[in-house]
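Residue-level listing of the chains:
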Amino acid sequence: MRSRAAAFPLVAVLSWGVMFPVLASALVRVDALNLTTARYLLATAILVALLLFREGGGALRPAGRATEIVVLGVVGFAGFNLLINLALGQAAPQQIALFAATIPLVTQLVRWARDGVRPRPALFALSLVALAGIGLVLTRGRLDGLGEFGVGAVLTIGAVLGWAVYTHGGSRFGGWSPLRYTTLTALAGTLAMLAASVLADLAGWQHAPAAADLVAVAPQLAYAVIVAAVVAVLAWNTGVQRLGAANAALFMNLVPVTTFAVQIARGYRPGAVELAGVAITIAALVAANLATRPRRAARPRPANHAEAVAVADPVAVVDPVAVVGR
């Protein structure tokens, strides 16, 4: 069961790893904010349709949690995606992906700061090991250039913090399906992005894309909407509910490895140091997954005793693959 649950965040991070070079190519024709807004207008429309079909109109009501939904939607969807797109205009996709790999560490720190749940030493240590492996993959063992990303680094750090807060927030909506949580937060984030995009166009900070520009980036938008925004985010939120925020976030270490693999497919040939980094990253992820199993299996649940915990990680009630397939 746990191995099946791990498939959800795996699908998400592999999709996002491909997304970085895809979006970077689209930014040549469309400004970052307009591209992000166009992407999520389409994605949110699909998510709303799926939610209405699956759970009915009542699922669109925030159930007294409107403020939390808006904050998470703006910080997670609008903040992360906008800052990532802006960063892609300042640095290479591989460099952005490297910073994105710090999400497991930041998620554990957010959980610690908000809920007082100290990170498990094994998970924290293995996150660092995986991050070290990614550093080898993307820098080929030469760390002297990591401090040269400038504005791109600052933007990506902000994006990472926003997604860590969003990931942690997802574990607090255990009574909701991943589809409902994804849709309502995406709706809030998309409205914020639309307002910001209109303001930026009117102020002359960017230019509204022409129809020819949107047609030119249609393949990139199709991937970014259907795969990276709908399927991947639903899979991610399902993984968060089934594995917990800290465990699911470990899979983010595979994002830059996937980006690296895309470059190989385009003709790049890796060296021995980079291949060693891939092996270290995958080994750390497998070890982290195995390290959590004995502790969960060895703790029986009394029939009439509710254990007090700071953050509950309940089982998800919606399979995103089933939702999309209906």
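Everything numeric here is computed off the predicted structure, so don't read it as measured data.

1. Brief notes about the nonpolar core
Here comes step 1: Formed by 82 residues in total, the largest nonpolar core has its most connected members in Val13, Trp16, Phe20 and Trp236.
Here comes step 2: Broken down by element, this core gets its largest block of residues, 13 residues, from helix H10 (residues 218-243).
Here comes step 3: Contact partners of Phe20, with chain neighbours within four places excluded, come to Ile84, Leu88, Pro93, Ile96, Ala97, Ala100, Val255 and Thr259.

2. Structural notes on the side chain of Arg39
Here comes step 1: With respect to the secondary-structure elements, Arg39 resides in helix H2 (residues 32-55).
Here comes step 2: Although Arg39 is buried, it forms no salt bridge, and the closest oppositely charged side chain is Asp31 at an N-O distance of 16 Å.
Here comes step 3: Looking at Arg39, its side chain comes within polar contact range of the main-chain oxygen of Ala224, at 3.0 Å.
Here comes step 4: Sequence-distant contacts of Arg39, defined by excluding residues within four places in its chain, comprise Met19, Leu23, Asn81, Leu221, Ala224, Val225, Ala228 and Ala229.

3. Digging into the packing of aromatic side chains
Here comes step 1: Scanning the entire structure with this criterion turns up 10 aromatic pairs.
Here comes step 2: With centroids separated by 5.5 Å and ring planes inclined at 85 degrees, the aromatic side chains of Trp16 and Trp163 adopt a geometry described as edge-to-face. One end of the pair, Trp16, is in helix H1 (residues 2-26); the other, Trp163, is in helix H7 (residues 151-170), with 147 residues separating them in the sequence. Exposure class is identical for Trp16 and Trp163. Each is buried.

4. Some points on the packing of H2 against helix H8 (residues 178-203)
Angle between the axes and distance between the axes are the two parameters that describe a pair of packed helices.
Here comes step 1: In contact at an axis separation of 8 Å, H2 and H8 are set at 150 degrees when each is read in the N-to-C sense. Regarding the angle of H2 to H8, the classification is roughly antiparallel. For the pair H2 and H8, the crossing hand works out as left-handed.
Here comes step 2: When grouped by side-chain class, the residues that make up the contact of H2 with H8 number 15 nonpolar, eight polar and four charged.

5. Details of the packing of H7 against H10
Here comes step 1: Two elements in contact, H7 and H10, have axes whose closest approach is 9 Å; the angle formed by their N-to-C orientations is 60 degrees. One finds that H7 runs oblique with respect to H10. The handedness of the crossing between H7 and H10 is right-handed. Contacts from Trp163, Tyr166, Thr167 and Gly170 in H7 reach Val233, Trp236, Asn237, Val240 and Gln241 in H10.
Here comes step 2: Of the residues that constitute the contact of H7 with H10, the class distribution is five nonpolar, four polar and no charged.

6. Quick word on a nonpolar patch on the surface
Here comes step 1: Residues Leu41, Leu194, Val198 and Leu202 make up a contiguous nonpolar surface patch of roughly 360 Å² in combined accessible area.
Here comes step 2: With three residues, the top contributor of residues to the nonpolar patch is H8.
Here comes step 3: Of note, Leu202 is situated in helix H8.

7. Thoughts on helix H12 (residues 254-265)
Here comes step 1: Helix length check: H12, at 12 residues, gives a terminal C-alpha distance of 16 Å against a target of 16 Å (1.5 Å per residue), a fit within 8%.
Here comes step 2: Burial within H12 is extensive, with nine of its 12 residues counted as buried.
Here comes step 3: For H12, the set of buried residues is Leu254, Val255, Pro256, Val257, Thr258, Thr259, Phe260, Val262 and Gln263.
Here comes step 4: Looking one or two residues past H12, Gly267 carries a phi angle of roughly 115 degrees, positive in sign.

8. Comments concerning the confidence of the model for the chain
Here comes step 1: In the predicted model, the chain carries a mean pLDDT of 78, and the fraction of residues at 70 or more is 84%.
Here comes step 2: Segment residues 296-326: pLDDT under 50, and 51 contacts once partners within four positions in sequence are set aside and those in other chains are kept.

9. Things to note about empty space enclosed by the protein
Here comes step 1: Following the criterion strictly, the structure yields two cavities of 30 Å³ or more and no others.
Here comes step 2: Looking at the largest cavity, the residues that line it are Trp16, Met19, Phe20, Arg39, Tyr40, Phe80, Asn81, Trp163, Ala228, Val233, Met252 and Val255.
Here comes step 3: Secondary structure elements with two or more residues in the lining of the largest cavity: H1, H2, helix H3 (66-88) and H10.
Here comes step 4: The residue makeup of the lining of the largest cavity, split by class, is 10 nonpolar, one polar and one charged.

10. Description of unusual backbone geometry
Here comes step 1: Despite not being glycine, Ala63 shows a phi value in the positive range, around 55 degrees.
Here comes step 2: Position of Ala63 among the secondary structure elements: in the loop between H2 and H3.

11. Re the pattern of salt bridges
Here comes step 1: Counted according to the given criterion, the structure contains two salt bridges.
Here comes step 2: The residue Glu68 makes a salt bridge to Arg65 at a minimum N-O spacing of 3.1 Å.
Here comes step 3: Residue classification places Arg65 among the partly exposed positions, given a relative accessible area of 23%.

The rules behind these values
Along each chain, the written sequence defines residue order, and numbers are assigned to residues from 1. Restriction of local features to residues with pLDDT of at least 70 applies here, the model being predicted, together with a cutoff of 80 or more for giving and counting side-chain atom pairs; totals for whole chains, interfaces and linings are based on all residues. Working from all heavy atoms in the structure, the side-chain values ignore hydrogens and water. In this text, buried Ala, Val, Leu, Ile, Met, Phe, Trp, Tyr and Cys residues form a nonpolar core when linked through side-chain atoms within 4.5 Å. When a residue's accessible area, from a 1.4 Å probe over protein chains only, is under 20% of the maximum for its type it is buried; when over 50% it is exposed; and in between it is partly exposed. What counts as a helix is a DSSP run of H or I of at least four residues, what counts as a strand is a run of E of at least two, and both are numbered from the N terminus. Any pair of residues with heavy atoms lying within 4.5 Å of one another is described as a contacting pair. In this tally, Asp and Glu contribute negative charge and Lys and Arg positive charge; neither His nor the terminal groups of the chain are included. When a carboxyl oxygen of Asp or Glu lies within 4 Å of a side-chain nitrogen of Lys or Arg, that pair is called a salt bridge. Any pair of nitrogen or oxygen atoms within 3.5 Å is treated as a polar contact; in protein, a donor-acceptor pairing is required on top of that, and neighbouring residues in sequence qualify only through side-chain atoms on both sides. By convention, a stacked pair of Phe, Tyr or Trp rings (six-membered ring in the case of Trp) has centres within 6.5 Å and planes under 30 degrees apart, an edge-to-face pair has planes over 60 apart, and any other such pair is tilted. Note on geometry: axes are C-alpha line fits, over the in-contact stretch for helices, and angles between N-to-C directions span 0 to 180 degrees. In what follows, roughly perpendicular refers to angles from 65 to 115 degrees, roughly parallel to angles under 35, roughly antiparallel to angles over 145, and oblique to any angle outside these ranges. In a left-handed crossing the near helix is turned counterclockwise from the far helix by less than a right angle, and in a right-handed crossing that turn is clockwise. Polarity classes work like this: nonpolar for Ala, Val, Leu, Ile, Met, Phe, Trp, Tyr, Cys and Pro, charged for Asp, Glu, Lys and Arg, and polar for all others, with Gly in that last group. Nonpolar side chains (Val, Leu, Ile, Met, Phe, Trp, Tyr) within 5 Å and like charges within 9 Å form the patches, drawn only from residues with over 30% relative accessible area and no salt bridge. Only the protein chains shown count as covering a residue, and every accessible area follows the Shrake-Rupley method with a 1.4 Å probe. Take the number of residues in a helix, subtract one, and multiply by 1.5 Å to get its expected span. Confidence of the prediction at every residue is given by pLDDT, a number between 0 and 100. Using a grid of 1 Å spacing that covers the protein atoms alone, one calls a set of points a cavity when a 1.4 Å probe fits there but cannot get out, and a pocket when the set is open and has protein on both sides within 12 Å along at least five of seven lines; lining residues are those with an atom within 4 Å of a point. Grid points are joined across faces, edges and corners, and a volume is the space filled by probe spheres set on the points.

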